[in-house]
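Breakdown of the fold
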Amino acid sequence: MTDTPHRRGADRTEAIMRATLELGQEIGYAKLSMEAVAARAGASKQTIYRRWPSKAALLFDSLLSVNGPALDYPDSGDIVADLRAQIHSAVDLLAGPPVGPLFKALIGEAQHDPQIAAALNERFIAPQADKTVARLKAARDQGQLSPAFDLALAMAILSGPLYFQLLITQEPLTHEYVDRILDALFTGIGPTRAH
């Protein structure tokens, strides 16, 4: 196998992102610097700055490169079970190291950096929200949800408590907490049953 420029570039990119995640976990986002990443990855600062204009942009791409659990929805025919499986996977990915603390820092940075906020929304938040709404729509079409329920609102109701706990109260995100949210939500949006 030959060592092509494309392969060397991919290897360099992987080394830079791995170094970013390692350093971020070791020293935290506030102390993370492009210089430290360059030194750890064996790359020049110019190489890094050509690709990423800020440490937030570098961290964001690095976090997206993590091969965590798939955040796609199963379709077992049971919307609550499918939401539970997907949200448990998301909690497992976002609640602990290495992703959790760095994801929180990135969301904090997005409050001050419109480019990071836009990228976070475009490349992570909106695609996940679209997947959730699509899965809820399929469940509604199958009669598992009330035909009149606002699916975008259901998405907000599902995600709001998770972000509140992750970012505001900073209490641990657990599978039990997810289950409580699902139980509370589906008591209200399930199909009406005749008595």
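1. Section: the overall build of the protein chain
Across its full length, the protein chain carries 9 helices and 0 strands. The secondary structure elements of the protein chain, listed N-terminal to C-terminal, are α-α-α-α-α-α-α-α-α. Look at the contacts in the protein chain between residues 6 or more apart in sequence, and 61% of them connect residues 24 or more apart. Of the roughly 10800 Å² of accessible surface on the protein chain, a fraction of 55% belongs to carbon and sulfur atoms.

2. Side note on the packing of helix α6 (residues 99-110) against helix α8 (residues 151-169)
Between two packed helices, what matters for the description is the angle formed by their axes and the separation of those axes. Axis separation between α6 and α8 bottoms out at 11 Å; the angle between their running directions is 90°. By the angle between their axes, α6 is roughly perpendicular relative to α8. On α8, the residues that touch Phe103, Lys104 and Ile107 of α6 are Tyr163, Leu166 and Leu167. The residue makeup of the contact of α6 with α8, split by class, is 5 nonpolar, no polar and 1 charged.

3. Overview of the confidence of the model for the protein chain
Here the protein chain averages 87 in pLDDT, while 89% of its residues score no lower than 70. Across the protein chain, element-level confidence peaks in helix α2 (residues 34-41) with a mean pLDDT of 94 and bottoms out in helix α1 (residues 5-27) with 85.

4. Description of α6
Helix length check: α6 (12 residues) gives 16 Å between terminal C-alpha atoms against 16 Å at 1.5 Å per residue, within 8%. Along α6, the residues that are buried comprise Val99, Gly100, Leu102, Phe103, Ala105, Leu106, Ile107 and Ala110.

5. Side note on the pattern of salt bridges
Applying the stated rule across the entire model yields 11 salt bridges. A salt bridge links Arg18 to Glu14, with the shortest nitrogen-to-oxygen separation between them at 3.3 Å. Residue Arg18 and its partner Glu14 are both found in helix α1; the two are separated by 4 residues, about one turn of the helix. Sharing partners across several salt bridges, the network here consists of Glu22, Glu26 and Arg40.

6. Observations concerning helix α4 (residues 55-64)
Within α4, 8 of the 10 residues are buried, which leaves the element mostly enclosed by the surrounding structure. Three or more residues of α4 are buried, namely Ala56, Ala57, Leu58, Leu59, Phe60, Asp61, Ser62 and Leu63.

7. Remarks on the environment of Asp82
In this fold, Asp82 is placed in helix α5 (residues 79-94). Considering only alpha carbons, one finds Asp82 and Asp72, 10 residues apart in sequence, at a separation of 9.7 Å. In this structure, Asp82 is in contact with Tyr73, Pro74, Asp75, Ser76, Gly77 and Arg135, ignoring residues within four places of it in sequence.

8. Observations regarding the packing of aromatic side chains
Applying the stated criterion to the full structure yields 2 aromatic pairs. Aromatic pair Phe103 and Phe124: ring centres 5.5 Å apart, planes at 65°, arrangement edge-to-face. On the criterion of sequence distance, the pair formed by Phe103 in helix α6 and Phe124 in helix α7 (residues 114-141) is long-range, its members being 21 residues apart. Just as Phe103 is buried, Phe124 falls in that class too. On the basis of an interplanar angle of 35° and a centroid distance of 6.5 Å, the ring pair of Phe103 and Tyr163 is categorised as tilted. In this pair, Phe103 is assigned in helix α6 and Tyr163 in helix α8, connecting sequence segments 60 residues apart. We classify Phe103 as buried; its relative accessible area is 5%. A relative accessible area of 27% means that Tyr163 is categorised as partly exposed.

9. Concerning the environment of Arg18
Exposure remark for Arg18: the relative accessible area of 43% places this residue in the partly exposed category. Sequence separation of Arg18 and Leu63 is 45 residues, and the distance between their C-alpha atoms is 9.4 Å.

Scoring rules and cut-offs
Residues numbered from 1 in each chain as written. Predicted model: local features only at pLDDT ≥ 70, side-chain atom pairs only at ≥ 80, totals over all residues. Heavy atoms only, no water. Helix = DSSP H or I, 4+ residues; strand = E, 2+ residues; numbered from the N terminus. Contact = heavy atoms within 4.5 Å. Areas by Shrake-Rupley, 256 points an atom, 1.4 Å probe, with all protein chains shown as cover. Axes fitted to C-alpha atoms, helices over the stretch in contact; angles between N-to-C directions. Parallel < 35°, antiparallel > 145°, perpendicular 65-115°, else oblique. Nonpolar A, V, L, I, M, F, W, Y, C, P; charged D, E, K, R; others polar. pLDDT = per-residue confidence, 0-100. Expected span 1.5 Å × (residues − 1). Buried < 20%, exposed > 50% of the residue type's maximum accessible area, 1.4 Å probe, protein only. Salt bridge = Lys/Arg side-chain N within 4 Å of Asp/Glu carboxyl O. Phe/Tyr/Trp six-rings, centres within 6.5 Å; stacked < 30°, edge-to-face > 60°.

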